[in-house]
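Below are the chains, spelled out letter by letter.
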Amino acid sequence: MRRKIIAGNWKMNYTLTEAINFVNILKDNILKVDNIDVGICPTTICLSDIKKMVKDTDIKVGAQNVYYEDKGAYTGEISAGMLKDIDIDYCIIGHSERRQYFAETDEGVNLKAKKLIEHNITPIICVGETLSEREQNSHFDLIKAQIIKALKDINEIDAKNIVIAYEPIWAIGTGVTATSSQAEEMCKYIRDVISEIYNENVAENIRIQYGGSVNISNIDELMSMPNIDGTLIGGASLKPEFIDIIKSVEKIK
Ligand code: PGA
């Protein structure tokens, strides 16, 4: 049985002051979560303070990006070692916004994933297609290629602990959610691809999230799908609605 994982991707939102205020609200409501993993991914500048704030709770903290070198002359970047030093649990990599605006490549995602694994930080690897790729029916091939490249040279023990987030680009921040059957279809396909790359056992263990306009009205239906193990949530993770979403997923047995 895969443990469900709900993560909030705050993107470039909230100053440190605003983040602290919001985390205080989260802490009041979700101090302990028994049967699911809950994470928030604030901006880099907030990570250290927020990690300290949630120390006595079950809330985990993730970064939104990392660089794959250990250290050196890479102005503006942060390393996996720096994230580990402040005890960061997760790191989102390959988000479509990073691929689109910051030229992140599949090869870069793979290097980042390996570096995070080396530092015992769980990578949340995002994959997803554009609307035109879906309309041209090339979305399955595209996602398969993204997965194969992202997981290159990662052994099966490490692969089992990775989280994959399927985020169709046309559903991100648009209010248009993939239907639960579209989301399930792709998450199942991703699991089949993992099985082809590794084996059944890895495919059964790896956790696959859906992301793209997840909110309190669609969470239950998405989470009822057998291959959806959680969600990566943008907009709704910045609001108290995130608490309702977590409570709703917590109830699922
Ligand atoms: P959204 O973002 O929930 O606002 O659509 C999801 C994401 O980009 O991770």
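Quick caveat, the model's predicted, so the values are computed rather than measured.

Calculation notes
Residues numbered from 1 in each chain as written. Predicted model: local features only at pLDDT ≥ 70, side-chain atom pairs only at ≥ 80, totals over all residues. Heavy atoms only, no water. Core = buried A, V, L, I, M, F, W, Y, C linked by side-chain atoms within 4.5 Å. Buried < 20%, exposed > 50% of the residue type's maximum accessible area, 1.4 Å probe, protein only. Helix = DSSP H or I, 4+ residues; strand = E, 2+ residues; numbered from the N terminus. Contact = heavy atoms within 4.5 Å. Near = heavy atom within 4 Å. Polar contact = N/O pair within 3.5 Å; in protein donor to acceptor, adjacent residues only side chain to side chain. Areas by Shrake-Rupley, 256 points an atom, 1.4 Å probe, with all protein chains shown as cover. Nonpolar A, V, L, I, M, F, W, Y, C, P; charged D, E, K, R; others polar. Expected span 1.5 Å × (residues − 1). Pairing = 2+ DSSP bridges. Right-handed = clockwise from strand over helix to strand, strands pointing away. Phe/Tyr/Trp six-rings, centres within 6.5 Å; stacked < 30°, edge-to-face > 60°.

Caption draft 1: Representation of the nonpolar core within the structure. Among the nonpolar cores identified, the biggest contains 71 residues, and Ile-40, Leu-83, Ile-147, Ile-164, Ile-190, Ile-194 and Tyr-210 are the most heavily contacted of them. Sort the elements by how many residues they give to this core and helix 9 (residues 180–197) lands first, with 7 residues. When near neighbours in sequence (up to four residues on either side) are disregarded, Tyr-210 contacts Tyr-166, Pro-168, Ala-171, Thr-177, Ala-178, Ala-183, Leu-222, Ile-228, Gly-230, Thr-231 and Leu-232. Counting 10 residues, the second largest nonpolar core, distinct from the first, contains Ile-5, Ile-124, Cys-126 and Ala-165.

Caption draft 2: A look at the site of the ligand. Near the ligand, the surroundings consist of 13 residues, among which Lys-11, His-95, Glu-167, Gly-173 and Ser-213 are the closest. Here an oxygen atom of the ligand and a backbone polar atom of Gly-234 are 2.8 Å apart. Contact with the protein chains removes 95% of the 280 Å² of surface that the ligand exposes when unbound. Residues that form the shell around the ligand fall into these classes: 4 nonpolar, 7 polar and 2 charged.

Caption draft 3: Region of interest: helix 5 (residues 106–118). Counted at 1.5 Å a residue, the expected span for helix 5 with its 13 residues is 18 Å, and the 18 Å between its end C-alpha atoms agrees. Taken together, the buried positions of helix 5 are Asp-106, Gly-108, Val-109, Asn-110, Lys-112, Ala-113, Lys-115, Leu-116 and Ile-117. Taken together, the buried residues of helix 5 touch helix 3 (80–85), strand 4 (90–93), helix 4 (96–101), strand 5 (122–127), helix 7 (139–150) and helix 8 (156–160). Looking one or two residues past helix 5, Asn-120 carries a phi angle of roughly 60 degrees, positive in sign.

Caption draft 4: Layout of the pairing of strand 2 (residues 36–41). Counting buried residues along strand 2, 6 of its 6 residues qualify, which places the element largely inside the surrounding structure. Covered by surrounding structure in strand 2 are Ile-36, Val-38 and Ile-40 together with Asp-37, Gly-39 and Cys-41, the residues of both alternating faces. Here 6 bridges tie strand 1 (residues 4–9) to strand 2, and the two strands are oriented parallel to one another. Across the sheet, residue Ile-6 finds its bridge partner in strand 2, namely Val-38. Viewed along the sheet, the connection from strand 1 through helix 1 (residues 16–29) into strand 2 turns out right-handed.

Caption draft 5: Inspection of the packing of aromatic side chains at higher detail. A full pass over the atoms with the stated rule returns 8 aromatic pairs. With a centroid separation of 5.6 Å and an interplanar angle of 50 degrees, the aromatic rings of Tyr-14 and Phe-22 are classed as tilted. The interplanar angle of 70 degrees and the centroid separation of 4.9 Å between the aromatic rings of Phe-140 and Tyr-189 together place this pair among those described as edge-to-face. Placement of the pair is Phe-140 in helix 7 and Tyr-189 in helix 9, with a sequence separation of 49 residues. Taken together through their ring pairs, the aromatic side chains of Trp-10, Tyr-14 and Phe-22 make up a single cluster.

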